[in-house]
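Residue strings, one per chain:
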Amino acid sequence: MQLTAALIRLLIFPGLLFAVPAAWFFLYVERKTIALMQQRIGPPLLQPFYDFVKLLGKESAHYPGIEGLLMKLWPALSVCVLLGALALIPVFPWRGGFSGDLILLITLLELPSLFYILAGFTSRSIYGKVGSMREASLSLSSNLLFLTAIMMIAVSVHSFRLSDLAVPSASPARWLGLAAILLCIPAKLRLNPFSTSSAEQEIYSGALTEYAGADLALWELAHGLEWLALSGFVTSMAFPRTGIRLADAAVFAALSFSLVVLLATVAAATARLTIDHSVRFFWRWSVALGIAFLISAVVFRG
Amino acid sequence: MKLLEKLVNHCRKKSPWLFHMNTGSCNGCDIELVASIAPRYDVEQLGIHLEGSPRHADILCITGPVTHATLNALKTVYGQVPHPKAVVGLGSCSASCNAFAGSPTVDGPLHRHIPVDVYVPGCPPRPDAIIEGIAKAAALLGMKDRVPLIGDETDAGCEAAGEAALMETEAPCN
């Protein structure tokens, strides 16, 4: 019974069948928001779908041997891992079902970034390597802040269980933690101002320079799923639940949507920081907020 | 199966990604191309997107009369664009070498080396004309069994150049 429930979560809702169109919609919202910020009309609603199908119909780069296998493996693994992360996000915490804990969810959210780094190194393109190195240093610095913030939230509710974390509490520790997580999300999604790792035109296409065809399509899809998973993760910890399923789902969707609009607006309004500036930014905030986290974790201990 | 083919062809029309290459142009056409993909003309409505890597592109936008120095790079980049692809020659230089015709350093026009689908003449062409040219190339991409309109129908030499470039990237370069 539990296996069936888990499979339904992975493949139907909120997994494959729901998540893929939702990921395309979020990619559309991102591009449309940036277009509106620049006083343009922007792409049509189905644009991410068109891009995906077109890329599926193109030929891929032919790499011989194990490299070819790995090049295909990284984007496929990213998509699988993100679908797993989506299945864990507690939209309705009291429903039970396939409930995992926070450490598993964080691992699943981190793995795509690791695969992205490995993809750049596997392709052996110098631009891919530069992109991977930038992503690695950015991920190291933004994760420090991300993980301390999550740890503080977990400490404030005395639990690593996702269903406990999703129950709202008025503790200021949670809001401070969520603010810190919001600072990290642009770096995780490679958005402006922390877009040095993908830095289009500047280092060609970063880690994905040598990717083409279906593999590139999977990377695009993984990016959309990352949007979905990260905005869902933040929203699930931030919104007050009424107990009515339909109302909760509507509030969840509306809040995730506003988060995407907010992040895309920030991306459109800012310029790309250099890797030095990005890393320095995160380490400074990490130190400042880390001290605040420690104090609040002690003061607001439940 | 036929339906799937139709869907893919429709999506090809709706999502042309560009790669821009200069083969010895005076920069006039490059400035116009950049102007036409800037917010004022909003080409994202047509799904047009300038990509950083030739491997992501569908349409190769080439400016300049093809100088000897850029010829090998041109063939390599053409080989790196995955099938199906289209080539748009921007400006009079790529079509006829324009003011550079007869120069000993120029090896144009473009269709002597790679198959070209659309030429956008002008010195430089206006952004409106460039967008129209790209839209025509995108429509060609969505056509069944299409063959390049101008130049060689076989591009085996360029394919080999693209493969060779791939081999080069595989060599350890630390």
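Within any chain, residue numbers begin from 1 and follow the written order of that chain's sequence. Chains carry letters from A onward and ligands carry numbers from 1 onward, assigned in written order. Only residues with pLDDT of at least 70 are given local features in this predicted model, and only at 80 or more are side-chain atom pairs given and counted; all residues enter the totals for whole chains, interfaces and linings.

K.L.:
Would you mind going over the overall build of chain A with me for this structure?
P.N.:
Secondary structure is summarised from DSSP: a helix means a run of H or I of at least four residues, a strand means a run of E of at least two, and numbering begins at the N terminus for each. Along its length, chain A carries 11 helices and zero strands. Ordered by position from the N terminus, the helices and strands of chain A form the series α-α-α-α-α-α-α-α-α-α-α. Computation of the radius of gyration draws on C-alpha atoms alone. For the globule rule, the value is 2.2 Å times the number of residues to the power 0.38. By the compact-globule yardstick of 19 Å for 302 residues, chain A fits well, its C-alpha radius of gyration being 19 Å. Burial is judged by counting the other C-beta atoms within 10 Å of a residue's own C-beta: 20 or more makes it buried, 12 or fewer makes it exposed, and any count in between marks it as partly exposed, with every C-beta position built from the backbone. Within chain A, the proportion of its 302 residues that are buried is 48%. In chain A, the share of contacts with a sequence separation of at least 24, taken over all contacts with a separation of at least 6, comes to 81%. For every residue pair, C-beta atoms are placed from the backbone, and the pair is scored as a contact if these atoms sit within 7 Å.

K.L.:
Would you mind showing me how to read the overall build of chain B here?
P.N.:
For chain B, the count of helices and strands is six helices and five strands. Start at the N end of chain B and walk to the C end: the helices and strands fall as α-β-α-β-β-α-β-α-β-α-α. Within chain B, buried positions represent 49% of all 174 residues. A fraction of 84% describes how many contacts in chain B between residues 6 or more apart in sequence connect residues 24 or more apart.

K.L.:
Explain the interface of chain A and chain B to me, please; I cannot follow it from the model alone.
P.N.:
Contacts between chain A and chain B engage 29 residues on the former and 22 residues on the latter. Every element with two or more residues in the side of chain A that touches chain B is listed here: helix H3 (47–56) and helix H9 (213–238) of chain A. Among the elements that take part in the side of chain A that touches chain B, H3(A) stands out by supplying five residues, more than any other. Looking at the side of chain A that touches chain B, its residues break down into 11 nonpolar, 10 polar and eight charged. Each residue is assigned to one class: nonpolar for Ala, Val, Leu, Ile, Met, Phe, Trp, Tyr, Cys and Pro, charged for Asp, Glu, Lys and Arg, and polar for all the others, Gly among them.

K.L.:
It is not clear to me how the confidence of the model for chain A should be interpreted in this structure. Could you clarify?
P.N.:
The predicted coordinates should not be examined in detail at positions where pLDDT is low. The quantity called pLDDT is the predictor's confidence in a given residue, expressed from 0 to 100. With 95% of its residues at a pLDDT of at least 70, chain A reaches an overall mean of 86. Within chain A, H3(A) carries the highest mean pLDDT (93), whereas helix H7 (residues 162–166) of chain A carries the lowest (74).

K.L.:
Just checking my understanding: could you explain the packing of helix H2 (residues 16–37) of chain A against helix H10 (residues 245–269) of chain A for this structure?
P.N.:
Each packed pair of helices is defined by two parameters, the angle between the axes and the distance between the axes. Residues and elements named next belong to chain A. One way to put it is that H2 packs onto H10 with a least axis distance of 8 Å and a crossing angle of 45°. The orientation of H2 with respect to H10, classified from their angle, is oblique. Considering the relative orientation of H2 and H10, their crossing is right-handed. The segment H2 lies against H10, with Phe26, Val29, Glu30, Thr33, Ile34 and Met37 engaging Phe257, Val260, Val261, Ala264, Thr265, Ala267, Ala268 and Ala269. Helix axes use the C-alpha atoms of the stretch in contact, all axes being lines fitted to C-alpha atoms, and the angles between their N-to-C directions lie in the range 0 to 180 degrees. Any angle that falls under 35 degrees is termed roughly parallel, while one over 145 is termed roughly antiparallel, one within 65 to 115 roughly perpendicular, and all others oblique. Should the near helix be turned anticlockwise from the far one by less than a right angle, the crossing is termed left-handed; should it be turned clockwise, right-handed.

K.L.:
Could you clarify how one ought to interpret the sheet that holds strand E1 (residues 17–22) of chain B in this entry?
P.N.:
Either a parallel or an antiparallel arrangement is found when strands of a sheet pair, and the pairing is made through backbone hydrogen bonds. All names here are of chain B. For two strands to be treated as a pair, DSSP must find at least two bridges joining them. With parallel pairing, the five strands of this open sheet are ordered in space as E2-E1-E3-E4-E5. Each of the sheet's edge strands pairs with one partner strand only, and the pair in question is strand E2 (49–50) and strand E5 (118–120). The sheet contacts of helix H2 (residues 28–36) involve E1, strand E3 (59–63) and strand E4 (86–90), and relative to E3 the element is tilted by about 140°.

K.L.:
Is there a simple way to think about the environment of Leu147(A) in this case?
P.N.:
Of note, Leu147(A) is situated in helix H6 (residues 126–157). Note: C-alpha distance between Leu147(A) and Arg134(A) (13 residues apart in sequence) is 20 Å.

K.L.:
What is the right way to look at the pairing of E1(B) in this model?
P.N.:
As a general feature of sheets, a regular strand has side chains that alternate between the two faces. All names here are of chain B. Counting buried residues in E1 gives five out of six residues, a clear majority hidden from the surface. Considered for its hand, the β-α-β crossover made up of E1, H2 and E2 is right-handed. Pairing of E1 with E3 involves five bridges; the strand directions are parallel. Looking across to E3, one finds that Asn22 is bridged to Thr63. Whether a crossover is right-handed depends on one test, that the path from the first strand over the helix to the second runs clockwise when the strands point away from the viewer.

K.L.:
Is there a simple way to explain the pairing of E3(B) in this structure?
P.N.:
All names here are of chain B. Within E3, five of the five residues are buried, which leaves the element mostly enclosed by the surrounding structure. What you see with E3 is no split at all: Ile59, Cys61 and Thr63 on one side and Leu60 and Ile62 on the other are buried throughout. Bridge analysis of E3 against E4 gives five bridges, and the strand direction is parallel. Following the sheet pairing, Thr63 is matched in E4 by Leu90. In terms of handedness, the path from E3 via helix H3 (residues 68–80) over to E4 forms a crossover that is right-handed.

K.L.:
For this particular structure, what's the right way to read H3(A)?
P.N.:
Along an α-helix, residues three or four positions apart point the same way, because every turn accommodates 3.6 residues. Among the 10 residues of H3(A), nine are classified as buried, and the element is accordingly described as predominantly covered. Residues of H3(A) that are buried include every one of Gln47(A), Pro48(A), Phe49(A), Tyr50(A), Asp51(A), Phe52(A), Val53(A), Lys54(A) and Leu55(A), and no others. Where H3(A) is buried, its residues meet H2 and H9 of chain A together with helix H1 (2–14) of chain B.

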